[in-house]
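Spelled out, the chains give:
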Amino acid sequence: MSLPCHTSALLLVFTALALAGAEQSEERSCDVIGDESSESQMERALLKKLEPLSHMRFNVTVEKGKTENYVYHFRVCREVNSTSHDFGGLVQIDRQNGKITVIGRINETQVFNGSDWIMLIYKGGDSYGRHCSGEKRRAVIMISCKRGVTASSFSIISEEREKEQECFYLFEMDSSVACPAENSHLSVGSILLITFVSLIAVYIIGGFLYQRLVVGAKGMEQIPHFAFWQDLGNLVADGCDFVCRSKPRNAPAAYRGVGDDQLGEESEERDDHLLPM
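Note that the structure is predicted; figures quoted are calculated from it, not measured. Each chain carries its own residue numbering, running from 1 in the written order of its sequence. Given that the model is predicted, a residue must reach a pLDDT of at least 70 before its local features are reported, and side-chain atom pairs must reach 80 or more before they are shown or counted; all residues, however, enter totals for whole chains, interfaces and linings. Computation of side-chain values: all heavy atoms of the structure, hydrogens and water removed.

## What about the environment of Met220?
Right, so step 1: In DSSP terms, a helix is any run of H or I states spanning at least four residues, a strand is any run of E spanning at least two, and both are numbered starting from the N terminus. Following the sequence through the fold, Met220 ends up in the loop between α3 (188-215) and α4 (226-244).
Right, so step 2: Relative accessibility decides the category of a residue: with a 1.4 Å probe and only protein chains considered, values under 20% of the type maximum give buried, values over 50% give exposed, and everything between is partly exposed. Relative accessible area serves as the criterion here: at 52%, Met220 is assigned to the exposed category.
Right, so step 3: Spatially, the C-alpha atom of Met220 lies 10.0 Å from that of Phe208, the residues being 12 residues apart in sequence.

Next comes the structure, spelled out in structure tokens:
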């Protein structure tokens, strides 16, 4: 083999290894049941909404006497163990013997929502043995709205396996991603108040600049329409004085608590008769 052919072969091998490594390093995400063309915009939007939870792992331990001791591992739209390539989004591990059971797979996903919750369903889990006619397991995760919390309180509610069909594991958790968008509409009063304050600010700042830069006013004269506001202030003060005064306006002045009206009129009688004639 010539040197150019050998070099080309090595480049092809390295390229193939790089592509394989990139494919393995990229985690698989949820695949909604059905063809890609049949996926609704609502399902795609909900999966996009759940993306902030995809990097998190959730665990819960269940002990029922000495016979059942399990740990459940869950990820949102990601494989719990990406190296096994089993699409397991929710798995059960028996702590007694280490047996791993896939409860639901992300390549068979269903998702829908309500006003304040999102329900994520993983189907295609490992088959039941003696229960549920041997059908495949299914995990149902109810994600409820809780503002201010990215994710918390992951727990198992129940396992329905006494039916002949449609058995499932039910889990729940809290997350803010399930909350509806908060309305930020301002009321009419708020809009009017903001408009009024903005107009007042424009009037004061604009008038101040005009008086200072164009008219050349100094000091208090820089206030726009200073004479008008001064007269208005005087009128307001007079009106307040007229309405709020607690005594008649024509009341005589008082000095140290004794008014002129308390002194009485000066008597015209004099003590002339007491003088000697």
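That shown, we press on.
## Examining the sheet that holds strand β2 (residues 68-75)
Backbone-to-backbone hydrogen bonds pair the strands of a sheet. The strands run either parallel or antiparallel.
Right, so step 1: Taken together, the 8 strands give an open sheet; going across it, the order is β1-β2-β3-β4-β5-β6-β8-β7, and neighbouring strands pair in mixed fashion. Pairing within the sheet leaves two strands with one partner each, and these edge strands are β1 (57-64) and β7 (152-160). Neighbour-to-neighbour, the strand axes of this sheet turn through a mean angle of 25°, independent of strand direction.
Right, so step 2: One ladder, built from 5 bridges, connects strand β3 (residues 88-94) with strand β4 (residues 100-113); its direction is antiparallel. Note that in β4 the partner of Val91 across the bridge is Val102.
Right, so step 3: In this description, contact between two residues means that some pair of their heavy atoms is separated by no more than 4.5 Å. Helix axes are fitted to C-alpha atoms over the stretch in contact, other axes to C-alpha atoms as well, and angles between N-to-C directions run from 0 to 180 degrees. With respect to the sheet, helix α2 (residues 41-49) is in contact with β4 and β5 (117-124), its orientation differing from that of β4 by roughly 120°. Strand pairing is assigned whenever DSSP identifies at least 2 bridges connecting the two strands.

## Some points on the pairing of β3
Right, so step 1: Where burial is concerned, most of β3 is hidden: 6 out of the 7 residues are buried.
Right, so step 2: Turn length for the β3-β4 hairpin, with the two strands adjacent in sequence and antiparallel, is 5 residues, and the turn residue Gly98 shows positive phi of about 75°.

## Topic: the pattern of salt bridges
Right, so step 1: The salt bridge definition used is simple: a Lys or Arg side-chain nitrogen within 4 Å of an Asp or Glu carboxyl oxygen. Enumeration according to the criterion identifies 7 salt bridges in this entry.
Right, so step 2: Here Arg95 ties to Glu63 by a salt bridge, and the two come within 3.7 Å at their closest N and O atoms. Here Arg95 is found in the loop between β3 and β4, whereas its partner Glu63 is found in strand β1, with 32 residues between them in sequence.
Right, so step 3: Between Arg161 and Glu68 there is a salt bridge, and its shortest N-O distance comes to 3.6 Å. With Arg161 in the loop between β7 and β8 (168-175) and Glu68 in strand β2, the pair connects residues that are 93 residues apart, well separated along the chain.
Right, so step 4: Overall, the relative accessible area of 26% leaves Arg161 in the partly exposed class.
Right, so step 5: One network of salt bridges, with partners in common, ties together Glu68, Glu159 and Arg161.

## Section: a nonpolar patch on the surface
Right, so step 1: To count toward a patch, a residue needs a relative accessible area above 30% and no salt bridge. Like charges then connect within 9 Å, nonpolar side chains (Val, Leu, Ile, Met, Phe, Trp, Tyr) within 5 Å. Note on areas: Shrake-Rupley, 1.4 Å probe, and residue coverage restricted to the protein chains presented here. Together, Leu193, Phe196, Val197, Ile200, Ile204, Ile205, Phe208, Leu209, Tyr210, Leu213, Val214 and Val215 line one region of the surface with nonpolar side chains, adding up to about 1,200 Å² of accessible area.
Right, so step 2: Following the sequence through the fold, Leu213 ends up in helix α3.

## Concerning the layout of surface pockets
Right, so step 1: Cavities and pockets were defined on a 1 Å grid built from protein atoms only: a cavity is a group of points that admits a 1.4 Å probe but offers it no way out, a pocket is an open group of points flanked by protein on both sides within 12 Å along at least five of seven lines, and a lining residue is one with an atom within 4 Å of any such point. Grid points are joined across faces, edges and corners, and a volume is the space filled by probe spheres set on the points. Estimates place the volume of the largest pocket at around 410 Å³.
Right, so step 2: Taken together, 18 residues make up the lining of the largest pocket; nearest its centre are Tyr70, Gln92, Lys99, Arg137 and Arg161.
Right, so step 3: Going through the elements one at a time, β2, β3 and β4 are the ones with two or more residues in the lining of the largest pocket.
Right, so step 4: The nonpolar class holds Ala, Val, Leu, Ile, Met, Phe, Trp, Tyr, Cys and Pro. Asp, Glu, Lys and Arg form the charged class, and all remaining residues, Gly among them, are polar. In the lining of the largest pocket, the residues fall into 4 nonpolar, 6 polar and 8 charged.

## Notes on unusual backbone geometry
Right, so step 1: Positioned with a positive phi, Cys77 is a non-glycine residue whose angle comes to about 60°.
Right, so step 2: With respect to the helices and strands, Cys77 occurs in the loop between β2 and β3.
Right, so step 3: For Phe87, which is not glycine, the phi dihedral falls at a positive 60°.
Right, so step 4: Here Phe87 shows up in the loop between β2 and β3.

## Here we look at the pairing of β2
Right, so step 1: Across the 8 residues that make up β2, a large majority, 7, are buried.
Right, so step 2: Where β1 lies against β2, 8 bridges are found, and the strand directions are antiparallel. Of the residues in β2, the one forming a bridge with Val60 is Tyr72.
Right, so step 3: In this antiparallel pair of consecutive strands, β1 and β2, the connection spans 3 residues, and Gly65 shows a positive phi of 65°.
Right, so step 4: Pairing geometry for β2 and β3, over 5 bridges, is antiparallel. Across the sheet, residue Tyr72 finds its bridge partner in β3, namely Gln92.

## Section: the packing of aromatic side chains
Aromatic ring pairs are defined here through the distance separating the ring centres and the angle between the ring planes.
Right, so step 1: Pairing of aromatic side chains requires ring centres within 6.5 Å, counting the rings of Phe and Tyr and the six-membered ring of Trp. Pairs whose planes differ by under 30 degrees are stacked, by over 60 edge-to-face, and all others tilted. Across all of its chains, the model carries 12 aromatic pairs by this definition.
Right, so step 2: Each ring, one from Phe154 and one from Phe171, has its centre 5.5 Å from the other, and the planes form 5°; the classification is stacked. Residue Phe154 is found in strand β7, and its partner Phe171 is found in strand β8; the two are separated by 17 residues along the sequence.
Right, so step 3: Here Tyr203 and Trp229 contribute two aromatic rings whose centre-to-centre distance is 6.5 Å and whose plane-to-plane angle is 70°, an arrangement assigned as edge-to-face. One end of the pair, Tyr203, is in helix α3; the other, Trp229, is in helix α4, and 26 residues separate them in sequence.
Right, so step 4: Look at Trp229 and you get partly exposed, because its relative accessible area is 41%.
Right, so step 5: Ring pairing ties together the aromatic residues Phe58, Tyr70, Tyr72, Phe74, Tyr122, Tyr128, Phe154, Tyr169 and Phe171, which thus form one cluster.
Right, so step 6: Whether a charge lies above a ring is judged from NZ of Lys or CZ of Arg, which has to be within 6 Å of the ring centre and within 35 degrees of the ring normal. Its guanidinium or amino end placed over the ring of Tyr128, Arg137 lies 4.6 Å from that ring's centre, counting from NZ or CZ.

Any link to function would need more than the numbers given here.
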